[in-house]
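Listed here are the chains, written in short residue letters.
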Amino acid sequence: MSLTESIDSGKRILTEGRDIPWLLRQWVERTPDRDFLVWEPFDGQTKRWTYVEFERDVEAFAGALAARDVKERDRVVIHLDNSPEFLIAWFACARLGAISVSTNTRSVQRDIEYFAEHTRSVCAITSPGFAELMQQSAPDVRFLVVTDNDAGNSASIPENIAHESFAALLAEAEPCPARPTESMADLGIQFTSGTTSRPKAVLWTHANAIWGAQVTVSHTRLRLGYSTLIFLPLFHTNAQSYSLLSTLWVGGTIVVQPKFSASRFWDLSVKHQVEWCSMIPFCLKAIVAQTPPPNHNYRFWGPAVHI
């Protein structure tokens with residue numbers, strides 16, 4: 001057996017019979033009352049979802065999408081900054097078997113038009129600050145879902161935007177159709193940055209995500225119940241794979257904020273006894289430039305950079 005064949009065989013063994021809903025369900029059954037998601041907006045109060053509470057909202061939102069005839073393999077644009085709504089929508093698509101198209105919230109109209117048209121998305125989920133952009137950029141989607149806030153900040157939806165309310169869909173509590181566990185089913189689409197040509201659509205399967213979670217855990221030696229602080233954008237592979245999925249693999253807790261804040265980094269890290277987080281050079285330099293750190297629980301950072 002060649003090295004490539006050996007690696008492929010190992011991947012099949014580690015991912016067969018497993019997908020994202022399966023992974024979430026493992027911890028709902030084992031530790032239903034452990035915090036999975038802690039939301040730390042810049043304005044407003046901290047909010048928490050235990051594993052069982054988070055799965056409840058995922059099931060409800062998936063059921064609401066299904067009630068609107070969103071089917072397996074349909075594409076759904078998620079154009080949201082870091083927020084509980086992003087995570088609920090992303091996991092709901094995975095539960096339903098739809099394919100989430102997580103798009104960069106700094107994209108201009110030309111890019112959004114391309115993303116929506118290229119993926120033939122049937123609906124889009126966004127926040128008030130992006131609602132007009134999405135209406136103009138994705139006119140062919142069957143419906144638009146809009147949250148009642150911009151990543152935790154109070155915001156009003158423009159009156160001329162035809163939409164459905166994210167909160168209303170969540171409150172419907174429609175049952176989601178059963179779906180068999182399929183590791184090779186398509187999970188999500190992310191677009192490259194487009195530095196050399198038009199952005200390319202990169203398709204992830206559930207197996208890709210499960211493999212990514214396990215590899216990160218293996219490399220970083222995450223332990224049962226570890227917590228991480230997520231401030232890098234969830235529409236990107238870094239936060240999705242390295243931070244979110246690896247922490248889910250060990251039944252841990254994700255502490256999510258809208259974006260990076262050097263002034264809040266240590267306060268939140270100490271408050272939630274965070275043990276690790278993924279870094280990029282800009283964030284690392286901003287933190288190192290501050291006064292000496294307080295007593296903390298960090299075991300390591302994953303910066304992939306030398307200073």
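Scope of this entry: the structure provided in the associated data block. Quick caveat: nothing in here was measured; it's all calculated off a predicted structure. (Residues numbered from 1 in each chain as written. Predicted model: local features only at pLDDT ≥ 70, side-chain atom pairs only at ≥ 80, totals over all residues. Heavy atoms only, no water.)

Considered for burial, the residues of helix α5 (residues 109-119) that qualify are D111, I112, Y114, F115, A116 and T119. On its buried face, α5 is in contact with β3 (75-79), β4 (99-102), α6 (128-137) and β10 (186-191). Directly beyond the C-terminal end of α5, a positive phi value near 55° is found at R120. (Buried < 20%, exposed > 50% of the residue type's maximum accessible area, 1.4 Å probe, protein only. Helix = DSSP H or I, 4+ residues; strand = E, 2+ residues; numbered from the N terminus. Contact = heavy atoms within 4.5 Å.)

Moving on, we come to the nonpolar core. By size, the foremost hydrophobic cluster in this structure holds 75 residues, and its most contacted members are F54, F61 and F91. Ranked by the residues each element gives to this core, the list is headed by helix α4 (residues 84-96), at 10 residues. Not counting the four nearest positions on each side in its chain, F91 is found in contact with I20, L24, F36, F54, V58, L244 and L248. (Core = buried A, V, L, I, M, F, W, Y, C linked by side-chain atoms within 4.5 Å.)

With their axes 8 Å apart at the nearest point, helix α2 (residues 20-30) and helix α3 (residues 51-67) run at an angle of 140° to one another. Classed by the angle they form, the pair α2 and α3 counts as oblique. As for the relative orientation of α2 and α3, their crossing is left-handed in sense. Contact with α2, carried on its side by L24, R25, W27 and V28, involves Y51, V52, F54 and E55 of α3 and no other residues of that element. Partitioned by chemical class, the residues of the contact of α2 with α3 number 6 nonpolar, no polar and 2 charged. (Axes fitted to C-alpha atoms, helices over the stretch in contact; angles between N-to-C directions. Parallel < 35°, antiparallel > 145°, perpendicular 65-115°, else oblique. Left-handed = near helix turned anticlockwise from the far one by under 90°. Nonpolar A, V, L, I, M, F, W, Y, C, P; charged D, E, K, R; others polar.)

Here we come to the environment of Q273. By the element assignment, Q273 lies in the loop between α10 (262-271) and β14 (276-278). Residue Q273 is classed as partly exposed on the basis of its relative accessible area of 49%. Between the C-alpha atoms of Q273 and Y226, which are 47 residues apart in sequence, the distance is 9.4 Å.

On to empty space enclosed by the protein. As enumerated under the stated definition, the model contains 1 cavity of 30 Å³ or more in all. Estimates place the volume of the largest cavity at around 40 Å³. Residue lining of the largest cavity: L80, D81, S83, E85, S127, F130, T147, N149, D150 and A151, and that is the complete set. In terms of residue class, the lining of the largest cavity is made up of 3 nonpolar, 4 polar and 3 charged. (1 Å grid on protein atoms, 1.4 Å probe; cavity = no way out; pocket = protein on both sides within 12 Å on 5 of 7 lines; lining within 4 Å. Points joined across faces, edges and corners; volume = space filled by probe spheres on them.)

Here the focus is the pattern of salt bridges. Scanning the model with the defined rule gives 14 salt bridges in all. For E55, the salt bridge identified is with R25, shortest N-O distance 2.3 Å. Here E55 is found in helix α3, whereas its partner R25 is found in helix α2, with 30 residues between them in sequence. A relative accessible area of 13% places E55 in the buried class. The exposure class assigned to R25 is partly exposed, which follows from its relative accessible area of 31%. Between D111 and R110 there is a salt bridge, with its nearest N and O atoms 3.8 Å apart. What makes D111 buried here is its relative accessible area of 19%. Several salt bridges share partner residues, and in doing so they unite D19, R179 and E182 into one network. (Salt bridge = Lys/Arg side-chain N within 4 Å of Asp/Glu carboxyl O.)

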